[in-house]
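# A closer look at the structure
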Amino acid sequence: MKAIITVVGKDKTGIVAGVSAKIADLGLNIDDISQTVLDEFFTMMAVVSSDEKQDFTALRQEFDAFGERLNVKINIQSAAIFEAMYNI
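Per chain, residue numbering runs from 1 following the sequence as it is written. For a predicted model such as this one, the threshold for reporting local features is a pLDDT of at least 70, and the threshold for listing and counting side-chain atom pairs is 80 or more; totals across whole chains, interfaces and linings nevertheless cover every residue. The side-chain figures draw on all heavy atoms in the structure; neither hydrogens nor water molecules are used.

## Re the nonpolar core
For clarity, the threshold we go by: For this analysis, a nonpolar core means a set of buried residues of the types Ala, Val, Leu, Ile, Met, Phe, Trp, Tyr and Cys, connected via side-chain atoms within 4.5 Å. Each residue is placed in one exposure class: buried if its accessible area under a 1.4 Å probe, protein chains only, is under 20% of its type's maximum, exposed if it is over 50%, and partly exposed if it falls in between. Strands are runs of DSSP state E lasting at least two residues, helices are runs of H or I lasting at least four, and both sets are numbered from the N terminus onward. Contacts are residue-level and defined by heavy atoms, with any inter-residue pair within 4.5 Å sufficient.
One finds Ile-5, Val-7, Val-19, Leu-28, Phe-63, Ile-74 and Ile-76 to be the most contacted residues of the largest nonpolar core, which totals 20 residues. Among the secondary structure elements, those contributing two or more residues to this core are strand E1 (2–10), helix H1 (15–25), strand E3 (41–49), helix H2 (56–70) and strand E4 (72–78). If one sorts the elements of this core by residue count, H2 sits on top with five residues. Residues contacting Leu-28, with those up to four places away along its chain left out, are Met-1, Ile-23, Val-48, Ser-49, Ser-50, Gln-54, Leu-59, Phe-63 and Ile-76.

This is how it looks when you write it as structure tokens:
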């Protein structure tokens, strides 16, 4: 399983640490990660993977709840969606 995670919100200390810990807690591995601050807004994109099949509905619920605690928006999408776009 491979997925893309995006994180957007007002910049503050601890976002990368918190999101990275949550990713690990959910049994996902970070394969690639990029983050930047645009003006005062934090943005991050990560490619994550797992050897096991994952329930995207459950992952989205976990990230939604965790994002609310961090005051950021976290989204996860299957990488297969992006791969399919390039095969059309």
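So much for the structure itself; the text now carries on.
## Quick notes on the pairing of strand E2 (residues 29–38)
Along any regular strand the residues' side chains alternate between the sheet's two faces. Note the threshold: When DSSP finds two or more bridges between two strands, those strands count as paired.
As judged from the nine bridges shared by E2 and E3, these two strands associate in the antiparallel manner. Across the sheet, residue Asn-29 finds its bridge partner in E3, namely Ser-49. In sequence, E2 turns back onto E3 through a hairpin of two residues, with Asp-39 there showing a positive phi of about 60°.

## Comments concerning the sheet that holds E3
Quick note on the threshold: Only the stretch in contact is used when fitting a helix axis, every axis being a line fitted to C-alpha atoms; angles between N-to-C directions are given from 0 to 180 degrees.
If you walk across this open sheet you meet the four strands as E2-E3-E1-E4, and the pairing is antiparallel. Where the open sheet ends on each side, the last strands, each with one partner, are E2 and E4. In this sheet, neighbouring strand axes are inclined to one another by 15° on average, regardless of whether the strands run parallel or antiparallel. The pairing of E1 with E3 spans nine bridges and is antiparallel. Across the sheet, the residue bridging to Lys-10 is Phe-41, located in E3.

Interpretation in functional terms is not warranted from these geometric data alone.
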